Amino acid sequence: MAVYTDISEDDLTRFLADYEAGTLLSYKGIAEGVENSNFLLHTTKGAFILTLYEKRVDPNDLPFFLGLMHHLADHGLNCPLPLSRRDGELLGELSGRPAAMISFLEGMWLRKPAAKHCREVGRALADMHLAGHGFALTRKNALSVDGWRPLWDKSAGRADEVEPGLQDEIAEELDYLESHWPKTLPHGVIHADLFPDNVFFIGDQLSGLIDFYFACNDAFAYDVAICLNAWCFEKDGSFNMTKGMALLDGYEQVRPLNGAELRSLPLLARGAALRFFLTRLYDWLTTPPGALVVKKDPLEYLRKLRFHRQVKSAEEYGLVHR
Ligand SMILES: Nc1ncnc2c1ncn2[C@@H]1O[C@H](COP(=O)(O)OP(=O)(O)OP(=O)(O)O)[C@@H](O)[C@H]1O
Ligand SMILES: N[C@@H](CCO)C(=O)O
């Protein structure tokens with residue numbers, strides 16, 4: 001459960017007085033997510049999400065994230081909106097943390113997405129890539145190739161505790177990715193964490209995207225590679241090509257990938273798997289026992305990384321020749 005920071009009713013009532021969001025009726029911590037503390041609030045004006053930004057979010061990035069949600073919604077994407085305070089600011093402070101009130105998005109995330117859902121996600125990802133055009137702020141991807149080595153350095157010494165031989169394997173992988181990483185692919189604003197728990201559906205209909213707190217400027221195809229990792233593997237670790245085909249097809253219905261993007265896809269998918277492996281490994285080794293958060297398994301992403309290493313072309317992900 002991700003509630004790192006507790007709040008008191010008195011503090012919350014004072015915080016709410018800065019918004020036109022009604023009077024507090026109830027609130028509870030949300031038992032999901034790993035990054036920030038989230039609360040579901042009911043007020044006389046409806047339901048809201050209260051987010052307190054935690055350790056991995058740099059407060060200087062918050063104007064980018066919150067402004068982006070407004071920009072995307074203005075350009076037709078379904079996503080939650082941060083509420084403005086009475087003084088016009090989007091950010092407040094609660095229990096010593098930067099905090100925002102976010103509109104409630106209807107829907108649920110899918111525990112067992114099927115190929116038809118992957119197609120919807122592909123489309124929505126491409127819609128987001130187009131909707132991000134013209135957003136005035138930029139943010140470098142802190143978790144792209146330049147960020148992996150510093151992150152790895154924090155865990156490398158203990159990696160073999162998780163699996164013997166890991167230290168050598170990842171060191172070699174990093175060397176390879178650093179020297180082959182593509183630098184000139186089409187780029188813009190990407191979501192960078194579009195996992196199933198960040199996509200809501202009502203029935204089979206996608207109702208919106210949430211959690212833009214890793215969004216940044218990077219290659220669009222890297223975002224596609226993240227989604228292939230997050231949506232198209234089965235619980236037993238096998239890649240489901242039907243889902244891959246649906247995701248890529250859905251994406252290309254809105255924004256066709258060019259030749260360089262397609263050629264880079266196996267390498268980008270490898271990098272994406274490494275990125276989630278590294279953050280999970282760090283959390284695995286550093287989260288104290290008893291913390292109110294469910295730790296995610298780094299080895300799931302090691303297995304995906306090993307799969308991508310064998311992939312030679314985008315066809316192996318289900319790309320259909322046009
Ligand atoms: N705007 C929203 N409308 C409805 N529910 C929301 C909204 N934002 C967050 N939630 C709920 O809170 C949960 C956690 O939110 P979120 O994914 O943003 O947290 P996080 O800690 O940043 O998680 P992650 O591990 O995905 O980075 C979601 O799964 C969802 O149940
Ligand atoms: N989606 C990430 C966690 C939140 O960034 C993961 O599954 O490792």
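Residues numbered from 1 in each chain as written. Chains lettered and ligands numbered in written order. Predicted model: local features only at pLDDT ≥ 70, side-chain atom pairs only at ≥ 80, totals over all residues. Heavy atoms only, no water.

### Some remarks on the site of ligand 1
Surveying the vicinity of ligand 1 reveals 19 residues, the closest of which are Glu32, Val34, Glu35, Leu105 and Asp211. Between ligand 1 and the protein, one listed contact pairs a nitrogen atom with a backbone N or O atom of Ser103 at 2.9 Å. Here an oxygen atom of ligand 1 and a side-chain polar atom of Asp211 are 2.8 Å apart. In isolation ligand 1 exposes 620 Å². Once the protein is present, 92% of that is buried. In terms of residue class, the shell around ligand 1 is made up of nine nonpolar, five polar and five charged. Split by domain, the residues of the shell around ligand 1 number at least three in each of domain 1 (9–103) and domain 2 (115–317). (Near = heavy atom within 4 Å. Polar contact = N/O pair within 3.5 Å; in protein donor to acceptor, adjacent residues only side chain to side chain. Areas by Shrake-Rupley, 256 points an atom, 1.4 Å probe, with all protein chains shown as cover. Nonpolar A, V, L, I, M, F, W, Y, C, P; charged D, E, K, R; others polar. Domains from an automatic or database assignment.)

### Description of the site of ligand 2
For ligand 2, the full set of nearby residues is Val34, Glu35, Asp193, Phe195, Phe214, Phe276, Arg280 and Lys296. Between Glu35 and ligand 2, the recorded distance is 3.5 Å, taken from a side-chain N or O atom to an oxygen atom. Contacts to ligand 2 include Arg280, whose side-chain N or O atom sits 2.7 Å from an oxygen atom. Within the complex, the protein chains bury 92% of what would otherwise be the 260 Å² of accessible surface of ligand 2. Class assignment of the residues belonging to the shell around ligand 2 gives a composition of four nonpolar, no polar and four charged.

### Side note on the nonpolar core
In terms of nonpolar packing, the biggest core is built from 92 residues, with Phe212 and Trp231 touching the most fellow members. Element by element, the count of residues in this core is highest for helix α9 (residues 259–286), at 13 residues. Here this core gathers at least three residues from each of two domains, domain 1 (9–103) and domain 2 (115–317). Once you skip the residues sitting within four places of it in the chain, Trp231 turns out to touch Pro113, Cys118, Val121, Leu194, Phe195, Pro196, Val199, Phe201, Lys243 and Leu247. Residues Ile7, Leu16, Phe48 and Ala99 belong to the second largest nonpolar core, which totals 17 residues. (Core = buried A, V, L, I, M, F, W, Y, C linked by side-chain atoms within 4.5 Å. Buried < 20%, exposed > 50% of the residue type's maximum accessible area, 1.4 Å probe, protein only. Helix = DSSP H or I, 4+ residues; strand = E, 2+ residues; numbered from the N terminus. Contact = heavy atoms within 4.5 Å.)

### A few points about the sheet that holds strand β5 (residues 97–103)
If you walk across this open sheet you meet the five strands as β1-β2-β3-β5-β4, and the pairing is antiparallel. With partners counted over all chains shown, the strands left at the sheet margins are β1 (24–29) and β4 (92–94), one partner each. Each neighbouring strand pair of the sheet contributes to a mean axis angle of 35°, computed without reference to strand direction. Across five bridges, β1 lies against strand β2 (residues 37–43) in antiparallel orientation. When the sheet's bridge partners are listed, Gly29 is paired in β2 with Phe39. Running at roughly 120° to β1, helix α1 (residues 9–16) makes contact with β1, β2, β3 (46–52), β4 and β5 of the sheet. (Pairing = 2+ DSSP bridges. Axes fitted to C-alpha atoms, helices over the stretch in contact; angles between N-to-C directions.)

### Here's the deal with the pairing of strand β8 (residues 205–209)
Most of β8 is tucked away: four of the five residues are buried. Strand direction decides the pairing type here: strand β7 (residues 199–202) and β8, joined by four bridges, are antiparallel. If you follow Phe200 over to β8, its bridge partner there is Gly208.

### Thoughts on the state of the cysteines
Going through the model one piece at a time under the given rule, you end up with zero disulfides. Between Cys227, a cysteine without a disulfide, and Cys232, which holds the nearest cysteine sulfur, the sulfur-to-sulfur distance is 8.1 Å. For Cys227, a relative accessible area of 1% puts it in the buried group. Classification of Cys232 as buried rests on a relative accessible area of 0%. (Disulfide = S-S within 2.5 Å.)

### Here's the deal with the environment of Gly250
Mapped onto the secondary structure, Gly250 falls in helix α8 (residues 241–254). Sequence separation between Gly250 and Val121 is 129 residues; the distance between their C-alpha atoms is 7.3 Å. Excluding its chain neighbours within four sequence positions, the residues that come into contact with Gly250 are Arg119, Gly122 and Arg123.

### Description of the domain arrangement of the protein
Segmenting the protein into domains produces domain 1 (9–103) and domain 2 (115–317). For domain 1 and domain 2, the distance between their C-alpha centres works out to 26 Å. Contacts between the two partners involve 23 residues from domain 1 and, on the opposite side, 28 residues from domain 2. Carbon and sulfur atoms make up 71% of the area that domain 1 and domain 2 hide from each other, which totals about 2,000 Å². Per-residue buried area on domain 1 facing domain 2 is highest for Arg56, Phe64 and Phe65; these three make up 29% of the total on that side. Inspection of the domain 1/domain 2 interface yields one salt bridge. (Buried area = accessible area lost by both parts, 1.4 Å probe. Salt bridge = Lys/Arg side-chain N within 4 Å of Asp/Glu carboxyl O.)

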